[in-house]
Amino acid sequence: MYVERMAQAMSAGGWDVTVLCATYPGAAREERLGSVRFIRRGGRYSVYLRAAMHVLGRHTRYDVIVDIQNGVPFWTPLLTSTPVVLLIHHVHREQWPVVFGPWRARLGWWLESRMAPAVYRGCRYVTVSEATRSELVGLGVDPAHVQVIYAGNDMPDEVDVCGGLGRHEPPSMVILGRLVPHKRVEIAIDALASLRERFPALTLDVVGSGYWQDELRAHAGRLGVTDAVLFRGFVSEATKHRLLARASVNLMPSLKEGWGLAVVEAAAHGTPSVAFRAAGGTAESVVHGRTGLLADNPAQFADHVALLLSDPQLREEMGAEARRYAGQFTWTATGEQFRTVVESARTRAPTGTATRPALAAPTTDAQRTS
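Everything in this summary refers to the structure shown in the same document. (Residues numbered from 1 in each chain as written. Predicted model: local features only at pLDDT ≥ 70, side-chain atom pairs only at ≥ 80, totals over all residues. Heavy atoms only, no water.)

### Comments concerning the overall build of the protein chain
Line of reasoning, step 1. Helix and strand counts for the protein chain come out as 13 helices and 14 strands.
Line of reasoning, step 2. Taking 370 residues into account, the globule formula puts the C-alpha radius of gyration at 21 Å, and the protein chain, at 21 Å, falls close to it.
Line of reasoning, step 3. The principal-axis extent of the C-alpha atoms belonging to the protein chain is close to 65 × 45 × 40 Å.
Line of reasoning, step 4. Going through the 370 residues of the protein chain one by one, you find that 55% of them count as buried.
Line of reasoning, step 5. When the accessible area of the protein chain is evaluated, it comes to approximately 16300 Å², of which 54% is carbon and sulfur surface.
Line of reasoning, step 6. Here the protein chain holds 40 positive side-chain charges and 36 negative ones, and the gap between their average locations is 7 Å. (Helix = DSSP H or I, 4+ residues; strand = E, 2+ residues; numbered from the N terminus. Rg over C-alpha atoms; globule rule 2.2 N^0.38 Å. Buried < 20%, exposed > 50% of the residue type's maximum accessible area, 1.4 Å probe, protein only. Areas by Shrake-Rupley, 256 points an atom, 1.4 Å probe, with all protein chains shown as cover. Lys, Arg positive; Asp, Glu negative; His and termini not counted. Charge placed at Lys NZ, Arg CZ, Asp CG, Glu CD.)

### Some words on the sheet that holds strand β6 (residues 124-127)
Line of reasoning, step 1. Here 4 strands make up an open sheet; going across it, the order is β4-β5-β6-β7 and the pairing parallel. Of all strands in the sheet, those bounded by a partner on one side alone are β4 (65-68) and β7 (146-148). Each neighbouring strand pair of the sheet contributes to a mean axis angle of 25°, computed without reference to strand direction.
Line of reasoning, step 2. Bridge count for β6 against β7 is 3 bridges, and the pairing is parallel. (Pairing = 2+ DSSP bridges. Axes fitted to C-alpha atoms, helices over the stretch in contact; angles between N-to-C directions.)

### Considering the packing of helix α6 (residues 185-195) against helix α11 (residues 298-310)
Line of reasoning, step 1. Axis separation between α6 and α11 bottoms out at 9 Å; the angle between their running directions is 60°. By the angle class used here, α6 and α11 are oblique. Here α6 and α11 pass one another in a crossing that is right-handed. In contact with Ile187, Ala191, Ser194 and Leu195 of α6, α11 contributes Pro298, Phe301, Ala302, Val305, Ala306 and Leu309. (Parallel < 35°, antiparallel > 145°, perpendicular 65-115°, else oblique. Left-handed = near helix turned anticlockwise from the far one by under 90°. Contact = heavy atoms within 4.5 Å.)

### Brief notes about the sheet that holds strand β10 (residues 229-233)
To summarise the sheet geometry, strands pair through backbone hydrogen bonds and adopt either a parallel or an antiparallel arrangement.
Line of reasoning, step 1. The 6 strands lie next to each other as β10-β9-β8-β11-β12-β13, forming an open sheet whose pairing is parallel. Strands at the two margins of the open sheet, each flanked by one partner only, are β10 and β13 (292-295). Averaged over all neighbouring strand pairs, the angle between strand axes comes to 25°, with direction disregarded.
Line of reasoning, step 2. Here 4 bridges tie strand β9 (residues 203-207) to β10, and the two strands are oriented parallel to one another. Within β10, the position partnered with Asp205 by the bridge is Leu230.
Line of reasoning, step 3. Packed onto the sheet, α11 meets β8 (172-176), β11 (249-252), β12 (273-276) and β13 and runs at close to 160° relative to β13.

### Re the side chain of Thr271
Line of reasoning, step 1. Examined against the element boundaries, Thr271 turns out to sit in the loop between α9 (261-267) and β12.
Line of reasoning, step 2. Looking at Thr271, its side chain comes within polar contact range of the main-chain oxygen of Leu244, at 2.8 Å. (Polar contact = N/O pair within 3.5 Å; in protein donor to acceptor, adjacent residues only side chain to side chain.)

### Regarding the pairing of β8
Line of reasoning, step 1. Counting buried positions along β8 yields 5 of 5 residues, so the element is predominantly enclosed.
Line of reasoning, step 2. Neither face of β8 is open: one carries Ser172, Val174 and Leu176, the other Met173 and Ile175, and all of them are buried.
Line of reasoning, step 3. Alignment of β8 against β9, held across 5 bridges, turns out to be parallel. In the strand pairing of β9, Leu176 is matched with Val207.
Line of reasoning, step 4. Between β8 and its parallel partner β9, the chain crosses via α6, and the hand of that crossover is right-handed.
Line of reasoning, step 5. Here β8 runs beside β11; their pairing, made up of 2 bridges, is parallel. (Right-handed = clockwise from strand over helix to strand, strands pointing away.)

By themselves these figures say nothing about function.
Have a look at this one:
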């Protein structure tokens, strides 16, 4: 979402934008979506080689390359003298061991923590939270080179929730995201199981898809809550908004998030969230005690969920604050800030730093001028 919105913002600002990314079954090798050109080559790993071939063999010179680091970047400063902006949502220190085996995790972390800061020394960085900025500085990145640009949000129109009946009764929970190990959906299922006796009709909508779904279904089966865990799969935007709007509580048990876009999407509907304090950007997308609650461990996570489910007035108050908070983040403002960074990289001019709004607070390849 962030990459596509920033590509659109650059295009609206007069740039000719190409997004180079991996392909997938049924995808066109090349197409234009609006005014943005998409080139799809390679898979999860081979896209890195295909990106290098594209940069080295291109017929059109680019003015700026936006290199997206999702654990491992594309190493574009080694391939070209074109100015590079590195976009990174979060540092993957905790995720490497969860997703990969021991030796690959060590290699991945070495590439991310040691080699990448050296290769991108002098480049401008864009990230989506102060938490990630602090971690990057801890890895040796010059703090003056890191710009925080928060993700935007689309404030939705009023949606038809449950056929006009309002929020789901009895209370329900929702989790939105990819079904992969580091999203830790198991913690949400555990919370459901632990609260089932107190809230017999409680359900959990799991919105999203991924290779970990069979494991999650098995986990729900072992806990005896298969009937209460509703796997919705990949849904339309309209269905997503209905599910977020009808839920009593949004859950984000992720091990790490750069920002927590689903938190703010739920907040736009007045749905408070429960997340983990140590998960990075969630400590900024959730304002603890105002727009939701932050936990320090899984037991406290379940306790926070129970508190919100049992206190409708507290849910309503936090939901109202959450909606006001979500309204401060717009894709228009995000795009303007991002365009300023890219344009300054092209002219090698300095940029300022973003400040956090107060509550009242993979794979872009290049851009060139048209």
